[in-house]
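# Topology and contacts: notes
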Amino acid sequence: MTSGPMLIAVEATRLQREVRGIGRYVRAILPRLVSQRPGLHLMLFAKTRRGVAALAEWVARDPRLCESVSVRHVREMARTPADLYWYPWNVIRPVPRRGASVVTVHDIAPVAMPDPRWLAWRKNLRWRLRFRSSARAATLMLADSAFTAAEIQRVLGVGADRIRVVLLAADDFAVPSSAGDAEALARLGVRAPFVLTVGAAEKRKNHALLERAMRSVVEAHRGATLVLAGPRRRANAPTADAPWVQTLGFVSDADLATLYRNAIALVMPSSYEGFGLPVLEAMMLGTPVICARAASLPEVAGDAALWVKPDDDAELAAAISRVLSDESLRARLRAGSLRQSGEFSWDDTARRTLNAFDEAHKMHALAHPAKLPALLEAAPSTR
C-alpha cells in the first residue's frame, strides 16, 4: 500500500448481528489492523440509520478503534473513494466503482453443496450468481484454509494467483471462571458425562452420523449424553426417541466455554467445513477433540485430534468410547489440544490480512496506473 494515511472501506452490515463465526473473526481483527498499521483508517458501512448509530457507538467504546474508525451507511460504500474495499462476508456487495477489492471467503458450501430441494432453485441460483460475480470483481480472495482455497479454484475457476490463505484463530474467546460451571450446567440441563458438538443443524455438519454413533456409545456407557449447541428449530429438550440427546440451541459465549471445559470431548464430524472455529475454541480450553478427517479440519486440528472417517458411525462410536473410558488418552488429547491451539493467533491473522491488502492495492495500481493519482487525491481525510 502507499505510504501515509490509508483508507479501507469495510462492508460491516452484519457485524453486530453475527455474534459468532464470521462476526467473531471481523471483531477480532479490526483493532489489530489499526494497531499493526499506523496511519490506517477504516470506514465501516452499516445497513440502516439505526445500524450506523449502533456501530458508531460500538466503535466509540473501544479505545483501540475510536481514533481510526468511522461509520457510514452502506449505500455510500460503492461511491466512496478508498484505497481498498474489504468484504469479510463471502461475497462482494455492493461492487465498488473503483479501487482494489478483497473478499474473505469462509466457505463456498452454498455453491459446492447446493440445497437439493427443487423449491430451493432460486436460492441456489442467487448464491451461484453472487459467488461468481464476487470472483470476477475481486482483486484478491482470502480463504480461511487451503481447503477453501482449493474449492474456490475448483468450483469458481479462480486462479491460485488471486487467492491467499489466511487462517483464523480463537485466542480472543472469553473464558469465564470455572467457579460457576456447576450452576451453568444445571441451568442448561446438562449432566455429565457428556459429548459436545457445536454447529448449526445443517446436513454437512454430519450430526446424523454422530447420533447414530452415540446410540452404540450409550449402550456401553450408561448415563453418557450428547449435547448439541448451535442454531436449531427445536431446542432445550431431549428427543422423544433419544433421551440421551440434549439440544440447547444457541448459547452464550460464557455457557459455551463452560460446555467446552466440562465435555468429555468435542466431536466435529463435519464433512464440509471452511475452517472449523469450534475446534480451536475447544482446544484452547484443553478439551479432547474427535474430528472427521475431511475438508479443512486436518489443517486446524493437526495431530492433536482423534481422527475418524466422515462416513463411518462405527468408527466414530469406537473413538468416543475410547475417550470416555481411557483417562490417559484424555490426558494426551488435552495436552495436544493446548499445544495445537497455541499455533494460531488473531495477531497473525491480521498481519497476513494486511499483507494481502498490500498485494491487492499494488496489483490494482499496476493494472490501472492512470487512475491511481486521481484515486489518492479524491480519498477523504482520515481524521
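In short, a report on the structure.

Each value, and the rule that gives it
Residues numbered from 1 in each chain as written. Predicted model: local features only at pLDDT ≥ 70, side-chain atom pairs only at ≥ 80, totals over all residues. Heavy atoms only, no water. Helix = DSSP H or I, 4+ residues; strand = E, 2+ residues; numbered from the N terminus. Expected span 1.5 Å × (residues − 1). Buried < 20%, exposed > 50% of the residue type's maximum accessible area, 1.4 Å probe, protein only. Arc of directions from axis to C-beta. Contact = heavy atoms within 4.5 Å. 1 Å grid on protein atoms, 1.4 Å probe; cavity = no way out; pocket = protein on both sides within 12 Å on 5 of 7 lines; lining within 4 Å. Points joined across faces, edges and corners; volume = space filled by probe spheres on them. Nonpolar A, V, L, I, M, F, W, Y, C, P; charged D, E, K, R; others polar. Pairing = 2+ DSSP bridges. Axes fitted to C-alpha atoms, helices over the stretch in contact; angles between N-to-C directions.

To continue, consider helix 4 (residues 121–137). A rise of 1.5 Å per residue sets the reference length of helix 4, with its 17 residues, at 24 Å; its end C-alpha atoms lie 24 Å apart and thus fit the reference within 8%. The complete set of buried residues in helix 4 reads Asn124, Phe131, Ser134 and Ala135. The buried residues of helix 4 occupy an angular sector of 105° when the element is viewed end-on, so they sit on one face. Away from its buried face, by an angle of more than 90 degrees, helix 4 presents the exposed residues Arg122, Leu129 and Arg136. Contact partners of the buried residues in helix 4: strand 5 (100–105), helix 3 (109–112), strand 6 (140–143) and helix 5 (146–156).

Mapped onto the secondary structure, serine 101 falls in strand 5. The buried category is assigned to serine 101, whose relative accessible area is 3%. If sequence neighbours within four positions are ignored, serine 101 has contacts with Tyr85, Tyr87, Ile92, Pro96, Ala137, Ala138, Thr139 and Leu140.

Take the layout of surface pockets next. By volume, the second largest pocket is sized at about 320 Å³. Lining the second largest pocket are Glu11, Thr13, Arg14, Arg17, Lys47, Val74, Trp89, Val91, Arg93, Pro94, Trp127 and Arg130. Counted by class, the lining of the second largest pocket contains five nonpolar, one polar and six charged residues.

Moving on to the sheet that holds strand 2 (residues 40–46). To summarise the sheet geometry, strands pair through backbone hydrogen bonds and adopt either a parallel or an antiparallel arrangement. Here we have seven strands laid out as an open sheet, ordered 3-2-1-4-5-6-7, and parallel in their pairing. Unpaired on one side and paired on the other, strand 3 (69–73) and strand 7 (163–165) mark the two borders of the sheet. With strand direction ignored, the average angle separating the axes of adjacent strands in the sheet is 25°. Of the pairings in the sheet, the one linking strand 4 (residues 84–87) to strand 5 comprises four bridges and is parallel in character. In the sheet register, tyrosine 85 faces strand 5, and the bridge partner there is serine 101.

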